[in-house]
Every structure is written in C-alpha cells, then in structure tokens.
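Summary of structural features
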There are 2 protein chains.
Amino acid sequence: MARDDLNAGLLMFVAYRAMEKRVLDAIAAAGFDDITLAQARVFQRIGPDGTRLGELAEQAQVTKQTAGFLVDQLERAGYVERTPDPADARARLVRVAERGRTAGVVAAAVVAEVEGEWAAHLGARRMTQLREALGMLREITDPYRPR
Amino acid sequence: MARDDLNAGLLMFVAYRAMEKRVLDAIAAAGFDDITLAQARVFQRIGPDGTRLGELAEQAQVTKQTAGFLVDQLERAGYVERTPDPADARARLVRVAERGRTAGVVAAAVVAEVEGEWAAHLGARRMTQLREALGMLREITDPYRPR
DNA sequence: CTATATTCGTCAGATAATCTGACTATGAAC
DNA sequence: GTTCATAGTCAGATTATCTGACGAATATAG
C-alpha cells in the first residue's frame, strides 16, 4: 500500500515475474509459441529423470487436477511424455520429450542471461548474498518437501 | 529443472507465494473470507489516496479489463469504492473503503509478522541485504513506472 | 482554435486456468 | 487379508484472464 517501501513479498513478485516473462518471450520467439505461462510453470519443474504429477502439482502450488490438465496439453504439443513409474504402478512419470528438451535449452540460456544482468546490476557480491538469502528463506517457506 | 540450485526466479516464487498465502489465510480467518487471491493482488496496490484502474492493472501485471473485473467484485463486497478523479474526467480513483481498511490492517500485521520471521531466520544483516538487493533489482525489472 | 491522435475505462464475448467432489486402482499398514 | 492411504483421473462448475471494439475526455499539432 505504500509506494516506496514495498514489502519483501511484493519485491520478489516484481523480479520473479520479470524473469518469467523474459523466458517465455524468448521461448516463443524461438518458435515454441504454443505453450502458455501456466504450462511453463509446471514444465520447468520436471526433473531430469521424470517427475510424478503430484510432485509437479505440489511444487507449482496447484492441485493435481490442474497440473494434470496442463500436462495433458504439454503432452499433446510434444513437450513431455508420460511413462509408467517402475516403483509404483499407480503413478506415472512425466518426462521431458524431445521438443521439450530443445525448448529447455533455450530457457536455460535465457535464465543464465537474466541472472547475469542481475549480477551485473547488483555486483557479484550482492548477487551471491541474494542467492544465499533466498536459499535460506526457502527452508522456511517451501511447502514442497522432497523425500 | 535441477533439484538443488533453483534459479533465482524460482526461489523468489517460493517465498513470494508463502507470504501471499499467509496473508490471505489470516485475512480469511479474520472474517474476510470472501476475497480471492486475484482480488487481493489488485487490492494491495491501492495507494492511500486512491489509484487509477490502469495503474493497478499495470502494477499487478494484468489487463485493465481484468483489473476492472476484480475491482467490480471488491466494490460489491465493500472493500473499495470508486470516486471520480478530479484531475481527469475520464478516470476514476479506486479507493480503499471502510471494510477494506479493516482488512488492510490485518494484512499489514501479518506482513510484518512474516517479515519478522524471515529476519529471525536470516539474521538482521542478511535480511537488510536481501531488501537492498530486491530494491535494486526492481530498478531493472519493474515494468511499472510511477509518473 | 480546430483536427487528430492518445488515453481511460467499459462492454461483450471467448478462452484458459483453477477448484471441489467423486471414483478406480494400487500400495502400505496392521 | 482387511483396512486405510496414495496416485491419478473424470466430471462439472467457477474464476480469472485475454482480445477486440467502443465512447468520452484529454493532449498534441498545426
């Protein structure tokens, strides 16, 4: 409500959204122009060996149903595939597919670019401190608990 | 895509969402249980002397139409009111109404509480550095330019 | 001053994202 | 081997969001 000293949450929103927009724009410019923001938010959480739907949902902070809805679309567009989970017949692993891998490379490059810009603006020291503080904050704010 | 070193944007998402959830839950618990997350995102940007719809939209990063839709609901629920803008007959100022003011007090208290927890976890020094870094980041990431 | 362009907000309609509740199949615990 | 919990899906409803078009008021150019 104040103009000058936004609360820490709001400040994070601004930077977080900027990163998100930069990445999505770059991906779209690279030809991956189907893929929405909501889909990307789920996609980016897929681990190298595949991730269960429930975990994606938890990390993206949406319901399993919503995550499933978005993964359906990512699957139809060729960004991901679902494979049975060897460890549990109820579960399926969402994996990055070929098209997704290519898009992921573009995304990673932009993330690095933006982080570089941030580091340049803050200076290496402050950027390191920022990462450290955010990492610590995660300990008390992340509802997702990897098992 | 990696589990351990999330990018800075993702880390901010986690903390930002945690703050958001804490505040919304507390507001709901205080009896303001109508008011959705999307509405709150617009509401919290209203300045002490009222703010134009367009500015709210810009800050919340949604279209004017979406902001208008949400303000309509906030207005019907008694959280805000619209008054003519003396400086421009096309515009209207969205102002916090009585009910909104009460909710705002609750919200501000929770924000302070959460920030206190963060400071306790990080230590005063790191919390200050975090604020500083985020404030600086805003200079290059905030699409909203107050006139 | 007028003519033109821009900005502010709204209306209308379509689409996307999200949720709650109910259900099946499988796995875990006693 | 019942009973309870978990993973995912189906169905339906609601909420949030966008694009496009518009009227009214303001700003700009000549």
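Residues numbered from 1 in each chain as written. Chains lettered and ligands numbered in written order. Predicted model: local features only at pLDDT ≥ 70, side-chain atom pairs only at ≥ 80, totals over all residues. Heavy atoms only, no water.

1. Quick look at the protein's contact with DNA strand C
DNA strand C sits among 21 residues. The nearest are Gln65(A), Thr66(A), Lys64(B), Arg90(B) and Arg92(B). When atoms of DNA strand C within 4 Å of the protein are split into backbone and base, the sugar-phosphate part holds 59%. Gly54(B) is positioned with one of its backbone polar atoms (N or O) 2.9 Å from a phosphate oxygen of DNA strand C. Arg92(B) has a polar side-chain atom sitting 2.5 Å from a phosphate oxygen of DNA strand C. For the surface near DNA strand C, the secondary-structure elements that each account for two or more residues are α4 (64-76) and β3 (88-96) of chain A together with α3 (53-60) and α4 (64-76) of chain B. The leading source of residues in the surface near DNA strand C is α4(A), at five residues. Here the surface near DNA strand C is composed, by residue class, of seven nonpolar, seven polar and seven charged. (Near = heavy atom within 4 Å. Polar contact = N/O pair within 3.5 Å; in protein donor to acceptor, adjacent residues only side chain to side chain. Helix = DSSP H or I, 4+ residues; strand = E, 2+ residues; numbered from the N terminus. Nonpolar A, V, L, I, M, F, W, Y, C, P; charged D, E, K, R; others polar.)

2. Quick notes on the interface of chain A and chain B
Every contact between the two is made by 47 residues of chain A and, on the other side, 47 residues of chain B. Around 5000 Å² of area is buried between chain A and chain B when both sides are counted, 66% of it from carbon and sulfur atoms. In this structure, Arg126(B) and Glu132(A) form a salt bridge, with 2.6 Å as the shortest nitrogen-oxygen distance. (Contact = heavy atoms within 4.5 Å. Buried area = accessible area lost by both parts, 1.4 Å probe. Salt bridge = Lys/Arg side-chain N within 4 Å of Asp/Glu carboxyl O.)

3. Quick word on the UniProt feature "domain: HTH marR-type" (unreviewed entry) in chain A
Following the UniProt record, one finds the feature "domain: HTH marR-type" (unreviewed entry) at residues 5-139 of chain A. The distance separating the terminal C-alpha atoms of residues 5-139 of chain A is 25 Å; by composition the span is 67% helix and 13% strand. (UniProt positions renumbered as here; feature names shortened; annotations may be inferred.)

4. Some remarks on the pairing of β3(A)
Residue and element names in this part refer to chain A. Looking at chain direction, strand β1 (residues 51-52) and β3 are connected through two bridges and run antiparallel. Within the sheet, the bridge partner assigned to arginine 52 lies in β3 and is leucine 93. Pairing analysis gives six bridges linking strand β2 (residues 80-85) to β3, with the strands arranged antiparallel. Following the sheet pairing, threonine 83 is matched in β3 by leucine 93. What sits between β2 and β3 in their antiparallel hairpin is a turn of two residues. (Pairing = 2+ DSSP bridges.)

5. Here's the deal with the packing of helix α6 (residues 124-141) of chain A against helix α5 (residues 98-122) of chain B
The axes of two packed helices give the description: the angle between them and the distance between them. It is the contact of α6(A) with α5(B), at a shortest axis distance of 10 Å, that shows an interaxial angle of 120 degrees. Classified by the interaxial angle, the pair formed by α6(A) and α5(B) is oblique. Both α6(A) and α5(B) take part in a crossing whose hand is right-handed. In this structure, α6(A) contributes Ala133(A), Met136(A), Leu137(A), Glu139(A), Ile140(A) and Thr141(A) to the contact, and α5(B) contributes Glu117(B), Trp118(B), His121(B) and Leu122(B). Class assignment of the residues belonging to the contact of α6(A) with α5(B) gives a composition of six nonpolar, two polar and two charged. (Axes fitted to C-alpha atoms, helices over the stretch in contact; angles between N-to-C directions. Parallel < 35°, antiparallel > 145°, perpendicular 65-115°, else oblique. Left-handed = near helix turned anticlockwise from the far one by under 90°.)

6. Topic: the relation of the copies chain A and chain B
Mapping chain A onto chain B is achieved by rotating through 180 degrees and translating by 0.0 Å along the same axis, at an RMSD of 0.0 Å. Both chain copies can therefore be described as sitting about a two-fold axis. A shared binding surface is used by both copies, with 100% of the interface residues of chain A retained as interface residues in chain B. (Least-squares fit on C-alpha atoms with pLDDT ≥ 70 in both.)

7. Structural notes on the side chain of Arg82(B)
Residues and elements named next belong to chain B. Tracing the backbone shows arginine 82 in strand β2 (residues 80-84). Of the residues examined, arginine 82 reaches a relative accessible area of 17% and is grouped as buried. One polar contact links arginine 82 to glutamate 75, side chain to side chain, over a distance of 3.2 Å. (Buried < 20%, exposed > 50% of the residue type's maximum accessible area, 1.4 Å probe, protein only.)

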